[in-house]
Amino acid sequence: MQKVLITLCVTLLPIISACNHTPGQSEIHNVTKVLVDTVVPETYITGDTIYYDALYPTDICVIDTFVLVGQRKDENLIYVYDMRDTSLLGKFLKPGNGPDEVIHWNGFIQYWKEDGEAKILVQSYLQKVGILNINRSLEAKKAVFEKQSSFNKDSARAIMQRSNVAYMIGDQFLITRAPERTKGLKDYNPSLQWLDFEKDQPGNVIYTTNIKTINNPFLYIIGGTSLRPSGDKLCIACRFLNTFSILNISDGTVLQIFSKNEDLDTKAIADAHKSSIYYSAVTSTDDYLFLNTSRGADYDKLKETGTTIEVYDWKGSHIHRFLTTDIIYYMSIDATGHNLYAVVENGEMKRYSLVY
């Protein structure tokens, strides 16, 4: 899905460096709130079960003709299937401290196709990040990394320790800051920070929401992120708040999208006591964002409500709504934007056909 990301992001670096503003650090608060209350078409969907030979799938992503399934309870963390006939092509990436192993792998965050080969960015918690080549790993029957960078400097380790997700943008990283795990914050709004990894040089902090009265950091937990395949925008969605944001990477400007005209601060505090869930996963194409939301349903009532896929474009316009009785945990859209692959309740995997 993340096609030609590395090539394009390198060309963006002169613009990005202005936003990054290193050496030195600044906090960027450039958030525009947008209420989107458009009435959109709704379609009820039922997925087709895909019979992959995978137990306890914990993530899924689609790259070209590959379907990658995460298996965090297996000796191999990644299973690769052929999208066309569901055959298992190979499995690799082992947990551990070895040179080609990982600790606390955080799943399929950034992935793309480059020079005819599928690649993913793999993060090993507080150890390293690396580019894993899927095609070469299948040929070698083991994990083959093109490049790995170790966290051997204090600043990089400190930033990565309080992050959930890291994206590689050219030769720098854009890293989420987890407010619930970052001490000393005066502002709990979700934010990202630039990191020049090789120079061990932290850069600007970009805030992605502007909510002023909630002082509970756990309400700001990020529910999902997705980098636009072209590499110029990033979506960050809140798990417990009814809002998501679209960051323009080149200049740090942010659109914060609300789907209802409500007092978010008051409702968020009330919802916190009910364990209400909003956005739990995001996937994207160059044209559209697909956000998995429970629309504020109580966690223990998801079996009654199912989940909803909201479709937006990257300008924040609401396009379509898909509803299903399934509880979707992980999902990935193919390059056409019409085939959604998902892991649902009980570890079942399904493919949904989206027409809009």
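Throughout this description, residue numbers start from 1 for each chain and increase along the sequence as written. Confidence filtering applies because this is a predicted model: local features only for residues at pLDDT of at least 70, side-chain atom pairs given and counted only at 80 or more, and all residues used for totals across whole chains, interfaces and linings. Excluding hydrogens and water, the side-chain values take into account all heavy atoms of the structure.

Asks: Can you help me understand the overall build of the protein in this one?
Replies: Helix and strand counts for the protein stand at five helices and 29 strands. In this scheme, a residue with accessible area under 20% of its type's maximum is buried, one over 50% is exposed, and one in between is partly exposed, where area comes from a 1.4 Å probe on protein chains only. Looking at the protein residue by residue over its 356 residues, the buried ones come to 58%. In this analysis, two residues are considered to be in contact whenever any of their non-hydrogen atoms come within 4.5 Å of each other. Here the analysis covers contacts within the protein between residues at least 6 apart in sequence; of these, 51% occur between residues at least 24 apart. Total accessible area on the protein stands at roughly 15,400 Å², and carbon and sulfur atoms take up 48% of it. Counting from the N terminus, the helices are DSSP H or I runs at least four residues long and the strands are E runs at least two residues long. Under the convention used here, a 1.4 Å probe and the Shrake-Rupley method define accessible areas, while residue burial counts only the protein chains that appear.

Asks: Mind showing me how you'd approach the confidence of the model for the protein here?
Replies: When pLDDT is low, close inspection of the predicted coordinates is not appropriate. When the pLDDT values of the protein are averaged, the result is 85; 85% of them are 70 or greater. Per-residue confidence from the prediction method is given by pLDDT, with values spanning 0 to 100. Put simply, helix H1 (residues 5–20) is where the protein has its lowest mean pLDDT, 39, and helix H2 (residues 134–140) is where it has its highest, 98. This stretch, residues 1–18, has a pLDDT under 50; its non-local contacts, to residues over four places away or in other chains, come to 48 contacts.

Asks: Help me understand the pattern of salt bridges, please; the structure alone is not making it clear to me.
Replies: Pairing between side chains of opposite charge can happen when their charged atoms approach one another. Think of a salt bridge as a Lys or Arg side-chain nitrogen and an Asp or Glu carboxyl oxygen that are within 4 Å of each other. Inspection of every chain in the model, using the stated rule, returns nine salt bridges. The residue Glu117 makes a salt bridge to Arg136 at a minimum N-O spacing of 3.4 Å. With Glu117 in strand E12 (residues 117–124) and Arg136 in helix H2, this residue pair connects regions lying 19 residues apart in the sequence. A residue is classified by how much of its surface remains accessible, and Arg136, at 37% relative accessible area, is partly exposed. Of the charged contacts in the structure, one is a salt bridge between Asp232 and Arg228, with a shortest N-O distance of 3.3 Å. Classification of Asp232 by relative accessible area gives partly exposed; the value is 24%. The buried category is assigned to Arg228, whose relative accessible area is 17%. Taken together, the shared-partner salt bridges connect Glu42, Glu310 and Arg321 into one network.

Asks: What exactly am I supposed to notice about the sheet that holds strand E18 (residues 201–207) here?
Replies: Remark on secondary structure: sheet strands pair via backbone hydrogen bonds, oriented parallel or antiparallel. The strand order across the open sheet formed by five strands is E1-E18-E17-E16-E15, and the pairing between neighbours is mixed. Every interior strand has two partners, whereas the edge strands, strand E1 (27–28) and strand E15 (166–169), have only one. As defined by bridge partners, E15 adjoins strand E16 (residues 172–177) across four bridges and the pair is classed as antiparallel. Opposite Met168, over in E16, you have Phe173 as the bridge partner. In this description, a line fitted to the C-alpha atoms serves as the axis of each element, helices being fitted only across the stretch in contact, and the angle between N-to-C directions of two axes falls anywhere from 0 to 180 degrees. Packing against the sheet, helix H3 (residues 154–161) makes contact with E15, E16, strand E17 (191–196) and E18, and its axis sits at approximately 155° to E17. Here, any two strands with at least 2 DSSP bridges between them count as paired.

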